Amino acid sequence: MAICTATFRTKLSAEKPSSTSHTFGRLITTMISSFKPLLSEFQHIPMRIDVQKTWKDSSMKILDVFVDTVFKFEDQPYLENQSNFAPIEEIGNKVLLKDLHGTIPSEFPEGTYVRIGPNPLFGGLKSAISRFGRSSHIWVEGEGMIHAIYFEKDNSDAICKIYYNNKHVQTQTFIMESKKNKPCFIPTVEGDSAAVFSAYLLNMLRFGKVNKVISNTNIFEHSRKYYSIAESDMPQEIDIQTLDTLGEWDVGGTWNRPFTSHPKKAPGTGELVFMGFDAIKPFLELGIISADGMKLVHKVDLNYKRSSLTHDIGVTERFNVLLDFPLTVDINRLIRGGPLIRYDDQEYARIGVMPRYGDAESIQWFDVQPCSAFHIVNCFEDGNEVVMWACRALGSVIPGPDLGLKKFEYFSNGFKQLERNTDGEISQGLLFSRCYEWRLNMTTGDVKEKNLTGTEYSMDFPMINENFTGIRNKFAYAQIINTEASSASGIGKYGGLAKLYLEELADGTDEGLIKIEYHAFPEKTFCSGAAFVSRMKDCEEDDGWIVTYVHNEDTNVSQVYIIDAKKFSEKPVAEIKLPSRVPYGFHGAFMRKGAT
């Protein structure tokens, strides 16, 4: 999914909590006592003239020995039906693909179809066990790996060669851990509060970061440069032809905090609108980068009252659309013994609309029903209303149950069909995701909200023709969650695609639900990273194709499907067999050659 990531980069707050918990006190006492037997390791450190450097080097050595001695890393096992979530080895060089079933249309553009996802080092996700308890990675973590399909044309203007490549995003922390050939960062997102806090502290002391830079959630283009991103950190520039990592993008030194996984190009200007959340104030800042990618032209603190884990941002022709939903990161809650990240449907939810170059005071806030919405479909202006479409659930797929307890049961029950008991309370299906509409009246301050899709299928990872970002559109597409397979595996699996007719009502419905067309995959075949490819810039909105990576769990074969968006329910026009298994991942994009 984008889905998003639950890790983040931050600094320890200098502010003391209002009351120090017993948990925190025991943690500090335990850490001090744990260091004592390690001091003998350093009795023979010689005196140096450079006392500061000696102290720093010695301190780092003590900390490393402490972690190696006190913490034990364990693999999180994969269930049999989770086998395609397991990592693979990188190829690193382009491989010519020859196994093609069907025909790639002559109008299909030359370019690169990329998809990114987690591909954790050292065999998979880890848990760390110590006297402080257990802390664990959650399912969205793991170093980013890019998978790329290259479509090349000859003089006849037809696709003549197709190549595949994959490669890890080589962040600074990836390189560091690769050289050490062992896990270095202790998991911090989920687990016993004392274990998470000790991991938080030790990672910061050793590396200056709470978490490693995973850059595994999305790939985007701006001004003909390409970037991988997870909202835990800043983007990594990628050479799209070689998949080499060129370094961190800090916009000429003007941006030094996390960066959203889903920046948006402003319609008309081509400026890049984005934001970054953090666990300490300022909780969320918004930025705008010039169309040429050279300059940060606007930066503002939005004065959020809490650290809302925000995965997406919307734009219209005049406005930025902001989410402040009750999925929060709270260090003080962790110190008090609670989870670092928690979704709480008893807290407030609101959507903000601000002028493109506005500030915190210019935001018009609209209170909405509490929910979880990671992915925006599109936003646009309709008279005096700003309309937002997004995929919405009543519970959050990130991070999972508090402290990671009964994790499989939580996800298994959450991915089932949405059902309520006789009291109207949700008995299962909290993670069931539907396309939803909010209409925000800028004149009256009123909100109208409703479901656009029913309870037949759960859907997420929406996509549109990006030429319509921020303006009214007629069509959208989404990945369909196979509720049975997802419940059985305790993790989301997408068994088909949906085409949403946003301006047409479904036949035989009096609920105002929209028309949907489905594309079903063969049994035990699931997709990730679907993207829309338009035929050309000025063609009809749905004139193009959906490309997606798919994997058949019976044959263990991975392919790329090309589906005609105008003949959506028909078989793919082309199926391209890949030379190796491609694990399920997150977002995909098509980078058209020569596009501006």
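Once a new chain begins, its residue numbering starts again from 1 and follows that chain's sequence as written. Totals for whole chains, interfaces and linings use every residue, but because this is a predicted model, local features are given only for residues with pLDDT of at least 70 and side-chain atom pairs only at 80 or more, for both listing and counting. Computation of side-chain values: all heavy atoms of the structure, hydrogens and water removed.

- Looking at an unreviewed UniProt entry, one finds the protein chain named Carotenoid oxygenase, with Heracleum sosnowskyi as its source organism.
- UniProt positions are given in the numbering used here, feature names are shortened, and annotations may be inferred rather than shown by experiment. Heading Sequence similarities (unreviewed entry) of the UniProt record for the protein chain holds this comment: "Belongs to the carotenoid oxygenase family."

**Some words on the sheet that holds strand E24 (residues 372-382)**
And step 1. Overall, antiparallel pairing links the 4 strands, which are arranged E24-E25-E28-E29 in an open sheet. Of all the strands in the sheet, just E24 and strand E29 (447-451) have a single pairing partner and so form its edges. Ignoring strand direction, the axes of neighbouring strands in this sheet form an average angle of 20°. Two strands make a pair as long as DSSP finds a minimum of two bridges between them. Secondary structure elements are taken from DSSP: a helix is a run of H or I of four residues or more, a strand is a run of E of two residues or more, and numbering for both begins at the N terminus. Orientation is described by lines fitted to C-alpha atoms, with helices fitted over the stretch in contact, and by angles between N-to-C directions that extend from 0 to 180 degrees.

**With respect to the pattern of salt bridges**
And step 1. What makes a salt bridge here is a side-chain nitrogen of Lys or Arg within 4 Å of a carboxyl oxygen of Asp or Glu, nothing more. Under the criterion given, the structure shown has 34 salt bridges.
And step 2. Glutamate 437 is the salt-bridge partner of arginine 439, the closest N and O atoms lying 3.4 Å from each other. Note on accessibility: arginine 439 and glutamate 437 belong to one class, buried.
And step 3. With a closest N to O distance of 3.9 Å, lysine 515 and glutamate 504 form a salt bridge. Placement of the pair is lysine 515 in strand E33 (residues 514-520) and glutamate 504 in strand E32 (residues 494-505), with a sequence separation of 11 residues.
And step 4. Exposure remark for lysine 515: the relative accessible area of 32% places this residue in the partly exposed category.
And step 5. Partly exposed residues are those whose accessible area sits between 20% and 50% of the maximum for their type, while under 20% is buried and over 50% is exposed, using a 1.4 Å probe and protein chains only. Assessed through its relative accessible area of 38%, glutamate 504 is described here as partly exposed.

**Examining the environment of lysine 499**
And step 1. Mapping lysine 499 onto the fold places it in strand E32.
And step 2. Relative accessible area serves as the criterion here: at 2%, lysine 499 is assigned to the buried category.
And step 3. Side chain to side chain, lysine 499 and aspartate 542 meet in a polar contact 2.9 Å long. Counted as a polar contact is a pair of N or O atoms within 3.5 Å, where, for protein atoms, one must be capable of donating a hydrogen and the other of accepting one, and residues adjacent in sequence contribute only when both atoms are in side chains.

**A short note on the packing of aromatic side chains**
The geometry of two aromatic rings is summed up by the distance between their centres and the angle between their planes.
And step 1. Here the aromatic set is Phe, Tyr and Trp, taking the six-membered ring for Trp, and pairing holds for ring centres within 6.5 Å; pairs whose planes are under 30 degrees apart are stacked, those over 60 apart are edge-to-face, and all others are tilted. Evaluated as defined, the whole model comprises 29 aromatic pairs.
And step 2. With 5.0 Å between their ring centres and 65° between their planes, phenylalanine 85 and tyrosine 584 make a pair best called edge-to-face. Highlighted residues: phenylalanine 85 in the loop between strand E1 (72-75) and strand E2 (95-96) and tyrosine 584 in the loop between strand E37 (574-577) and strand E38 (588-592), separated in sequence by 499 residues. Each member of the pair, phenylalanine 85 together with tyrosine 584, is buried.

**Some details on the UniProt feature "binding site: Fe cation" (unreviewed entry) in the protein chain**
And step 1. UniProt tags His262, His311, His375 and His587 as "binding site: Fe cation" (unreviewed entry). These annotated residues cover 326 residues of sequence, but their C-alpha atoms sit close together, with the largest distance between any two at 12.6 Å.
And step 2. Relative to the helices and strands, histidine 375 resides in strand E24.
And step 3. The exposure class of histidine 375 is buried, given its relative accessible area of 2%.

**What about helix H6 (residues 407-414)?**
Count 3.6 residues to each turn of an α-helix, and residues three or four apart come out pointing the same way.
And step 1. When H6 is considered as a whole, its buried residues turn out to be Phe411, Ser412 and Gly414.
And step 2. Close packing links the buried residues of H6 with helix H7 (483-489). Contacts are assigned to residue pairs that have any heavy atoms within 4.5 Å of one another.

**Concerning the pairing of strand E22 (residues 349-355)**
And step 1. Burial within E22 is extensive, with 6 of its 7 residues counted as buried.
And step 2. Where strand E19 (residues 319-324) lies against E22, 6 bridges are found, and the strand directions are antiparallel. When the sheet's bridge partners are listed, leucine 322 is paired in E22 with glycine 352.
And step 3. Here E22 runs beside strand E23 (residues 364-368); their pairing, made up of 5 bridges, is antiparallel. Residue pairing for E23: arginine 350 is matched across the bridge by aspartate 367.

**Things to note about the confidence of the model for the protein chain**
And step 1. Every residue carries a pLDDT, the predictor's confidence in it, which falls somewhere between 0 and 100. Averaged over all residues, the pLDDT of the protein chain equals 91, while 90% of them reach at least 70.
And step 2. Low confidence marks residues 1-21, where pLDDT is under 50. Its contacts with residues over four positions away, or in another chain, come to 87 contacts.
And step 3. Contacts from residues 34-49, a stretch scored under 50 in pLDDT, to residues over four places away or in other chains number 17 contacts.

**Some remarks on the side chain of serine 307**
And step 1. You can see serine 307 is positioned in the loop between strand E17 (296-301) and strand E18 (314-315).
And step 2. When its relative accessible area of 2% is taken as the criterion, serine 307 is described as buried.
And step 3. Among the polar contacts made by the side chain of serine 307, one reaches the main-chain carbonyl oxygen of aspartate 278 at a distance of 2.6 Å.
And step 4. In contact with serine 307, not counting residues within four places along its chain, are Phe277, Asp278, Ala279, Phe283, Leu327, Thr328 and Val329.

**Quick word on the side chain of serine 372**
And step 1. Relative to the helices and strands, serine 372 is located in strand E24.
And step 2. Among the residues examined, serine 372 registers a relative accessible area of 7% and is labelled buried.
And step 3. With sequence-adjacent residues up to four places away left out, serine 372 is seen in contact with Tyr343, Cys391, Arg392, Ala393, Gly395 and Ser396.

**Considering helix H3 (residues 172-180)**
And step 1. Those residues of H3 that fall on the buried side of the exposure criterion are Thr173, Phe174 and Glu177. Angular distribution of buried residues about the axis of H3 spans 105°; they occupy a single face of the element. Counted as exposed and oriented over 90 degrees from the buried face of H3: Gln172 and Lys179.
And step 2. Where H3 is buried, its residues meet strand E8 (159-168).
And step 3. One or two residues past the end of H3 sits asparagine 181, with phi positive at roughly 60°. As used here, the arc is the angular range of directions from the helix axis to the C-beta atoms.

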